[in-house]
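Now for the letters of each chain:
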Amino acid sequence: MDALVYTLLAVSGLLGLVSLLPALAKRLRLPYTVVLAAAGVGIGLLIHGGGSWLGAGPAGDFIKALGEVELTSAAFLYIFLPVLLFETALAVDVRRLLDDMGPVLLLAIVAVLVCTAVAGLATWWAWGIWHGQATQRALVVCLLLASIIATTDPAAVVGIFRDLGAPRRLSILVEGESLFNDAAAIVLSTLLLTMLTRGGEPDLAAAGLDFLVKFLGGAAVGWAMGWATALIVTPLRNQAQSEITLTLALAYLSFILAEHYLHVSGVVAVVLAGLVMASRGRTRLSPESWQGLEHVWGQLGFWANSLIFLFASMLVPPTLLNAKWSHLALLAALVTGALVARALVVFGLLPILGWIGASDRISVPYRAVMTWGGLRGAVSLALALAVTENRHVPNGIQDTVAVVATGFVLFTLFVQGTSLRPLIGLLGIDKLTPIELNLRNRALGLSLSNVRRDLEEVAARFGLDTSRAIDPLLERGAELAQEQLDLDARYGALSVDDRLYIGLSTLARYEEQRYLGYFHDGLISRLTVETLTAGAGQLQDGLKTGGPAGYDQIARKMVRPGRGLRVALWLHRRTGVERPVAARLSERFAMLIALRFCLQELQLFTRERLQPMLGKEAAAAVRDRLAARMKRIDEAMEIIRLQYPAYIESVEVQYLIRAGLRMEERATQALFEEALISREILNTLERDLRERRQTVEQPPQLDLGLATHELVGRVPLFSGLSPDRLKRIERLLRPRLYFPGEPIVRRGERGDTVYFISSGAVTVEVPGLEQPIRLGTGDFFGEIALVMDQPRNADVTASAYCQLLLLDKRDFNRLYNKDPVLKGHIDEAIARRLVG
C-alpha cells in the first residue's frame, strides 16, 4: 500500500511541478525543454544526497518516492515515445512534409550514418591520444557512443522550435527529421552493441538489409494500422470518447505490434500511423471529435514530454558522479565531430537535392539553424541507459558511454538550446520579408479601420464619447502609413504580379478551409471533401511551382473526371457493371455543386476582404481567374443537366435541405445560449434534427439509363421490328456510357464493333474534312470498317454524356446478312458518308 501511495505521490507531484514550469520558462525567456532539464537535474541532486534537509513529511516523502521510481530504457521507449511521436505526427502538416520528404529522409537516415562515422572516428582519435592506444574494441565503443547521440530528440526539437516560433518550413524540416531518425539510431546502436558484446567482424550488407526491412516493415505496419483505424472510426462518428480512445490505442498498439511481435521499427510504425490519422482524421472524425482529439493529444504530449525529460534528467547527477577527465576529452571530440558531421550533411548533401529538383532549395540561414539546432534529449539518454543495463558490457565502458552521452545531451540543451533564439534573430529568419511586411501593414490598416467603425457604432448606440478610444487607433494608423512609405521607398511598391500571387495563395488556403467547413456542416460527403481538399492543396502546390499558370492548370484538372471515375468506367466497359460508375458519377455531381458554391464564396471574399488589401487591379485579376473556373464548372454541369436533369435537381434540393438543417441547428443552439429555451427543449429539438438529417444522409440514387430495351427504342433503325425480333437483337447489344471528351474510336485501329447512339452526341473527325461531323441520338457509326473490312477511317469522340449500344462484328455480320431492311439502311448510310 505504501509503495502505491509513494508512486502516486511521485507522479502527481511531478505533474504539479510541470504545471508551473511553462510560466517560469516564459518569464526567463528560455525554451521550456531547457527549464525541464534543469528542474530534473535539480531533483536528481536532491534525490542523491541533497534532500536530507527536507526531513519527514510530504516534501521529503516526495523526493524519497522519486528516488524509488526505477525506469528502465524499455520503459522510456514503450511508455513515453509512442505518445511523443504520435502527438508530433498528428500536428504535422502532412502535405508540406511530403513536399520536403527528400531532405527529411536525408537528415533522418544519412545524417545518422554520417554522424556515427565522423563523430565516432573523432572520439576514437581522442581515445587514442588520452589512453596511448586506439584498439578496434575502442573503435566499436566510440561508434556506439556516436550512434546513441546521432538521433535528434523529438521532444527536445519540437518543444524548442515551437517555443521559439520558428518559421513553418524550418519547423517542418527539423520535426520531420526528429520523427524518423530515432529508427535509424536505434537499429544502428543495437547492431554496434551486439558487436561489442559478442565480438566479430561487422556485416555491413546484413546490417543495411536489416535496417531496410525494419524501416519499411515499420512503415507498412503503421500505414496499415492507421488506415484500419480510419475505417473503424468512421462508424463511430459523433462518439468523441470512443474516437479519441481509439487513437490512443493506435499509438501504443502500432508500436508494440511492430517492435515486439514483428521485430520491425516501432518508431516508424507510430509515425506513419500518426501521419495517416493527421491526413485522414479530419474527414473521418466528427468536427467536435477532431477538436477534442487535438486538445487531448496536446495534453498527452505535454505530459509525456515533461515527464520523460524530468525522469531522464534526474539520472544526470548520479551518472556524472563517475565522470573522469578522460570523459571530458572524449566529450569535446564527440561534440566537435557531431557538429562537423551535421554541417557536412546540411551544407554538403542537402543542396544536391535542390540542384537535381528532388526538393525546394533551403536557404543558408535555414541550414545554419538546422546545423546548430540538432538537439538531443531523452531518447539518447534512454539508449545510453540500455548500455548500462547490459551485463555483458564492462563497467568501465558503461561509465564512459553514460557520462559522455549525458554530457553531450546537456551541451545540446544548455548551450545550443539556449543560443538558438539569438541565432535565429541574428540571421533574421524570424523577420518578415518585404512582401509579408507589406501585406501585414495592409491587413493591420484594414483591421484598424474596421475597429474604428465598430467603436463608433457602439458609442453612438450608448451615447459615449469615442475620442479617447479612437485617438490611439488614429496614431497607430499614421504610424502604419509611415512604415508603408518607408517600406515602398526601400524595396519598391508591390507589383501587380506579387499581389496576384498573394491573392491566389490566400484564396487556395481559404478554399481548403471552406471545404472542411462544408463537411463539418454536413453539406458534403467524406469522399467529396477528400477530393476537394486534395484539389485545394494541389492549387497551392501548382501556384508555388508554376505561379498563376500552375494555379490555372490545376484548376482545369479539378473539373476533369478523377481517377476513381476512370477506373469505374474501365470496369464498366469490361464487365458491364454499372453501380461503381453510378456512385462515382453521383459523387462527381456533388463535387461540382460544392465547387461552384465555394467559388461564389471566393468571389465575395475577394471583393470584401482581398480587394482592400491587394488593390483593385490585383483583385480584378483574381476575380477573372475565379470567373474562368466558374465558367468551366457551369459548362460541365450543363452537360450533366442535359443528360440527367431530374437527378441534378434532386441533388441540388438535397444540398439546400442539408444547408437548411445546419442553419436550423445553429439557430437552435443560439436560442439555448441566450437562455430562451431549456436544456430539455434543446435535446428534443436536436433529436428531431438528427432524425431529419438521417433522411438526407445518402445521396439520391442515380439511374444511368442503360436499360437495353429502353435504349433500343430510341434508335430509329430498330423501329418497326417485331417484338420477337427486337428481343433477339436486345440480347446481342451491350449498353455503355461515355463521358464528354472521351475518345470512342481512333483512326487506324482495327474495327470490331458498331455503335448505336441511344442518347447524346459524338464528333467524327475525318481526314480531309474541314469541319467535324456531328452525330446525335438515333445515329450509328463504326459500320464502314466492318462492312468493308478495313481499319477505322475517323476519330470519334463523345461531345456529351453518351448512352451507346455496342454490337460486335460477328453479331453485326449476322444481322447485316439476314435482314434486308437493316442492310439497306446501313448501306445507304455508308454510301452517304463515303461520298461526303
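Anyway, here's the lowdown on the structure attached to this text.

### Things to note about the sheet that holds strand E5 (residues 773-775)
Consideration 1: An order of E2-E7-E4-E5 is seen for the four strands of this open sheet, with the pairing classed as antiparallel. Each having just a single partner strand, strand E2 (743-745) and E5 make up the two edges of the open sheet. On average, adjacent strands in this sheet sit at an angle of 30 degrees to one another, irrespective of strand direction.
Consideration 2: In this sheet, strand E7 (residues 795-798) lies alongside strand E4 (residues 762-765) in antiparallel orientation, the contact comprising four bridges. Pairing of Glu 765 across the sheet is with Asp 795, part of E7.

### Considering the packing of helix H22 (residues 496-520) against helix H25 (residues 579-614)
Consideration 1: For the pair H22 and H25, the least separation of the axes is 10 Å and the interaxial angle reads 135 degrees. Here H22 lies oblique to H25, going by the angle between them. In this structure, H22 crosses over H25, and the sense of that crossing is right-handed. Facing H22, whose interface residues are Arg 499, Ile 502, Gly 503, Thr 506, Leu 507, Tyr 510, Glu 511, Arg 514, Tyr 515 and Tyr 518, H25 presents Ala 594, Leu 595, Phe 597, Cys 598, Glu 601, Leu 602, Phe 605, Thr 606, Leu 610 and Leu 614.
Consideration 2: Here the contact of H22 with H25 is built from residues that sort into 13 nonpolar, three polar and four charged.

### What to know about the environment of Leu 444
Consideration 1: Inspection of the secondary structure assignment puts Leu 444 in helix H20 (residues 434-462).
Consideration 2: Each C-alpha atom, one on Leu 444 and one on Met 613, is 9.5 Å from the other, the two residues being 169 residues apart in sequence.

### Some thoughts on a nonpolar patch on the surface
Consideration 1: On the surface, Leu 209, Leu 212, Val 213 and Leu 216 cluster together to form a nonpolar patch covering roughly 380 Å² of accessible area.
Consideration 2: Along the chain, Leu 216 turns up in helix H11 (residues 204-233).

### Let's talk about the packing of H22 against helix H26 (residues 616-643)
Consideration 1: The contact between H22 and H26 brings their axes to 8 Å, and the two run at 50 degrees. Accordingly, the angle class assigned to the pair H22 and H26 is oblique. The hand of the H22/H26 crossing is right-handed. For the pair formed by H22 and H26, the contact residues are Val 496, Arg 499, Leu 500, Gly 503, Leu 504, Leu 507 and Glu 511 on the first element and Glu 617, Ala 618, Ala 621, Val 622, Arg 625, Leu 626 and Arg 629 on the second.
Consideration 2: Taken together, the residues of the contact of H22 with H26 sort by class into eight nonpolar, one polar and five charged.

### Things to note about the side chain of Arg 367
Consideration 1: Within the element layout of this structure, Arg 367 appears in helix H17 (residues 364-372).
Consideration 2: Here Arg 367 is in contact with Val 346, Phe 347, Pro 351 and Ile 362, once residues within four sequence places are set aside.

### Points about the pairing of strand E1 (residues 734-738)
Consideration 1: E1 sits mainly inside the fold: four of its five residues count as buried.
Consideration 2: Note: E1 against strand E8 (residues 802-808), five bridges, orientation antiparallel. The residue bridging Tyr 738 from the neighbouring strand is Cys 802, located in E8.

### Quick word on the nonpolar core
Consideration 1: Ranked by internal contacts, the top residues of the largest apolar core, which has 138 residues, are Phe 86, Ile 148 and Phe 180.
Consideration 2: Ranked by the residues each element gives to this core, the list is headed by helix H10 (residues 168-198), at 15 residues.
Consideration 3: If you look at the next biggest cluster of nonpolar residues, it comprises 60 residues, including Ala 508, Ile 524, Leu 539 and Phe 605.

### Here we look at the pattern of salt bridges
Consideration 1: Across all of its chains, the model carries six salt bridges by this definition.
Consideration 2: Here Glu 511 makes a salt bridge to Arg 629, at a shortest N to O gap of 3.0 Å. Of this pair, Glu 511 sits in helix H22 while Arg 629 sits in helix H26, and the two are 118 residues apart along the sequence.
Consideration 3: Since its relative accessible area comes to 0%, Glu 511 is described here as buried.
Consideration 4: Residue classification places Arg 629 among the buried positions, given a relative accessible area of 3%.
Consideration 5: Asp 552 is the salt-bridge partner of Arg 625, the closest N and O atoms lying 3.1 Å from each other. Here Asp 552 lies in helix H23 (residues 526-559) and Arg 625 lies in helix H26, a separation of 73 residues in the sequence.
Consideration 6: Classification of Arg 625 as partly exposed rests on a relative accessible area of 22%.
Consideration 7: Through salt bridges that share partners, Glu 664, Asp 688 and Arg 692 make up one connected network.

### Digging into the packing of aromatic side chains
Consideration 1: For the structure on display, the rule yields 11 aromatic pairs.
Consideration 2: Note on Tyr 78 and Phe 255: the rings are 5.1 Å apart at their centroids and 90 degrees apart in plane angle, and the pair reads as edge-to-face. Note that Tyr 78 is positioned in helix H5 (residues 73-91) and Phe 255 in helix H12 (residues 240-261), a separation of 177 residues in sequence.
Consideration 3: Judged by its relative accessible area of 29%, Tyr 78 is partly exposed.
Consideration 4: On the basis of relative accessibility, which here comes to 3%, the residue Phe 255 falls in the buried class.
Consideration 5: Grouping aromatic residues by their ring pairs yields a cluster made of Phe 76, Phe 80 and Phe 311.

What counts, and where the lines are drawn
- Sequence order sets the numbering: in each chain, residues are counted from 1 along the sequence as written.
- Local features are withheld for residues below a pLDDT of 70 in this predicted model, meaning they are given only at 70 or higher, and side-chain atom pairs are given and counted only at 80 or more; totals for whole chains, interfaces and linings count all residues.
- As a convention, hydrogens and water are excluded, and side-chain values are obtained from all of the structure's heavy atoms.
- Two strands are counted as paired when DSSP detects at least two bridges linking them.
- For helices the rule is a DSSP run of H or I covering at least 4 residues; for strands it is a run of E covering at least 2, with both sets numbered from the N terminus onward.
- Where helices are involved, their axes are fitted lines through C-alpha atoms of the stretch in contact, as for all axes, and angles between N-to-C directions lie from 0 to 180°.
- For classification purposes, angles smaller than 35 degrees are called roughly parallel, those larger than 145 roughly antiparallel, those between 65 and 115 roughly perpendicular, and all remaining angles oblique.
- Two helices cross in a left-handed way if the nearer one is turned anticlockwise from the farther one by less than a right angle. They cross in a right-handed way if the turn is clockwise.
- We call two residues contacting when some pair of their heavy atoms lies within 4.5 Å.
- In this classification, Asp, Glu, Lys and Arg are treated as charged, Ala, Val, Leu, Ile, Met, Phe, Trp, Tyr, Cys and Pro as nonpolar, and every other residue, Gly included, as polar.
- Patch membership is restricted to residues that have no salt bridge and whose relative accessible area is over 30%. Joining uses 9 Å for like charges and 5 Å for the nonpolar side chains Val, Leu, Ile, Met, Phe, Trp and Tyr.
- Residue burial considers only the protein chains on display, and all accessible areas are found by Shrake-Rupley using a 1.4 Å probe.
- We count a salt bridge whenever a side-chain nitrogen from Lys or Arg sits within 4 Å of a carboxyl oxygen from Asp or Glu.
- Accessibility here uses a 1.4 Å probe with only protein chains present; expressed as a share of the type maximum, an area under 20% marks a residue as buried, one over 50% as exposed, and anything in between as partly exposed.
- Here, nonpolar core means buried Ala, Val, Leu, Ile, Met, Phe, Trp, Tyr and Cys residues that are tied together by side-chain atoms lying within 4.5 Å of each other.
- Two rings from Phe, Tyr or Trp (for Trp, the six-membered ring) form a pair when their centres are within 6.5 Å of each other. A pair whose planes differ by under 30 degrees is stacked, one over 60 is edge-to-face, and the rest are tilted.

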